[in-house]
Amino acid sequence: MSVLMGSLSWPELGALMLHFLVLSLLSIGGAITTAPDMHRFLVDERHWLTDQSFTSSIALAQAAPGPNILFVAVLGFNVSGLIGAMAAMLGIMLPSTTLVLAATRWARRNRDHIGVRAFTVGMAPLTLGLMLATGWLLAAPYLVDEHHRWATLALMLATLFLTMRTKLGIVWMVVGGGVLGALGVV
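Now for a description of the structure that goes with this document. From a predicted model like this one, the values you see are computed outputs, not experimental measurements.

Procedures and definitions
Per chain, residue numbering runs from 1 following the sequence as it is written. Two thresholds apply to this predicted model, a pLDDT of at least 70 for residue-level local features and 80 or more for giving and counting side-chain atom pairs, whereas whole-chain, interface and lining totals are computed over all residues. Excluding hydrogens and water, the side-chain figures rest on all heavy atoms present in the structure. Centres within 6.5 Å are what make two rings of Phe, Tyr or Trp a pair, Trp counting through its six-membered ring; a difference in plane orientation under 30 degrees is then read as stacked, over 60 as edge-to-face, and the rest as tilted. Only protein chains enter the accessibility calculation, which uses a 1.4 Å probe. A residue is then buried if its area is under 20% of the maximum for its type, exposed if over 50%, and partly exposed in between. Secondary structure elements follow DSSP: runs of H or I no shorter than four residues count as helices, runs of E no shorter than two count as strands, and numbering proceeds from the N terminus. We call two residues in contact whenever any of their non-hydrogen atoms come within 4.5 Å of each other. What makes a nonpolar core is a set of buried Ala, Val, Leu, Ile, Met, Phe, Trp, Tyr and Cys residues whose side-chain atoms join them at distances within 4.5 Å. Axis definition: a line fit to C-alpha positions, over the contact stretch in the case of helices; interaxial angles, taken between N-to-C directions, run 0 to 180 degrees. Note on terminology: angles under 35 degrees are roughly parallel, angles over 145 are roughly antiparallel, angles of 65 to 115 are roughly perpendicular, and the others are oblique. Note: crossing handedness is left-handed where the near helix turns anticlockwise from the far helix by less than a right angle, and right-handed where it turns clockwise. The residue classification treats Ala, Val, Leu, Ile, Met, Phe, Trp, Tyr, Cys and Pro as nonpolar and Asp, Glu, Lys and Arg as charged. All others, Gly included, are polar. Patch definition: residues with relative accessible area over 30% and no salt bridge; like charges joined within 9 Å; nonpolar side chains (Val, Leu, Ile, Met, Phe, Trp, Tyr) joined within 5 Å. Where accessible areas are quoted, they stem from the Shrake-Rupley method and a 1.4 Å probe; at the residue level, only the protein chains shown are allowed to cover. Salt bridges are counted wherever a side-chain nitrogen of Lys or Arg sits within 4 Å of a carboxyl oxygen of Asp or Glu.

**So, the packing of aromatic side chains**
A complete count under the given rule lists one aromatic pair for this structure. Ring geometry for Phe41 against Trp48: centres 5.6 Å apart, planes inclined by 85°, an arrangement best described as edge-to-face. There is no split in this pair, since Phe41 and Trp48 are both buried.

Quick look at the structure:
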């Protein structure tokens, strides 16, 4: 039962969730940017975790496959079991998700305004540049390998072409790249 409920009382769980709610709105660049304040709250102020367990929680979550945000769930779990993980994740995800949904809906309703159009047009080269930089970083080991160099370059160029010339969703390009990787082409 302690794995499910943990050791915190309901008011303490509320404090945990509330703190992560606030951190969610401050986490520009991802939740990891608020780790120092999480440490202050969980280790220094509340003494729910030790310095060692805090660091180990982040290291474990970052080493595991999946989204980087999972370290918040590991911290919450180490504080108070599954209910602690749920409180921490709900706290960190609820405000930012709500804000993104509201902003997206507002932008969709106001897509004809010049400011929204300018923002959208301005973000396109930035998004493409970030995609190219990420692609290059991920492709670099394969570009060095003689057996995969040309297939990797062809895949990168095909992805760039499809991104710029079609409305094909990026998810399908990722799936296609995964299939080609599983087949040993790249």
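**Quick look at the side chain of His19**
With respect to the helices, strands and loops of the structure, His19 is situated in helix α2 (residues 10-26). Setting aside its immediate chain neighbours within four residues, His19 contacts Asp37, Arg40 and Phe41.

**Let's talk about the nonpolar core**
In this structure, Leu16, Met38, Leu42 and Val72 are the most contacted members of the largest nonpolar core, which totals 28 residues. Among the elements that line this core, the one with the most residues is helix α5 (residues 70-109), at twelve residues. Here Leu16 is in contact with Leu8, Phe41, Leu42, Trp48, Val79, Gly84, Ala87 and Ala88, once residues within four sequence places are set aside.

**Thoughts on the environment of Val185**
Mapped onto the fold, Val185 is located in the segment after α8 (170-182). Considering only alpha carbons, one finds Val185 and Thr152, 33 residues apart in sequence, at a separation of 8.3 Å.

**Section: the packing of α2 against α5**
The N-to-C vectors of α2 and α5 enclose an angle of 45°; their axes lie 7 Å apart at closest approach. Here α2 is positioned oblique relative to α5, judged by the angle of their axes. α2 and α5 meet at a crossing whose hand is right-handed. By residue class, the composition of the contact of α2 with α5 is 17 nonpolar, five polar and no charged.

**Comments concerning a nonpolar patch on the surface**
On the surface, a nonpolar cluster with roughly 870 Å² of combined accessible area is contributed by Leu168, Ile170, Val171, Trp172, Val174, Val175, Val179, Leu183 and Val185. Along the polypeptide, Val171 turns up in helix α8. With relative accessibility at 55%, the residue Val171 sits in the exposed group.

**As for the pattern of salt bridges**
In total, this model carries three salt bridges according to the counting rule given. Among the salt bridges present, the one from Glu45 reaches Arg40, with a minimum N-O distance of 2.5 Å. Using a relative accessible area of 33% as the deciding quantity, one classes Arg40 as partly exposed. The partner of Glu45 in a salt bridge is Arg46, and the shortest N-O contact between them spans 3.9 Å. What makes Glu45 partly exposed here is its relative accessible area of 43%.

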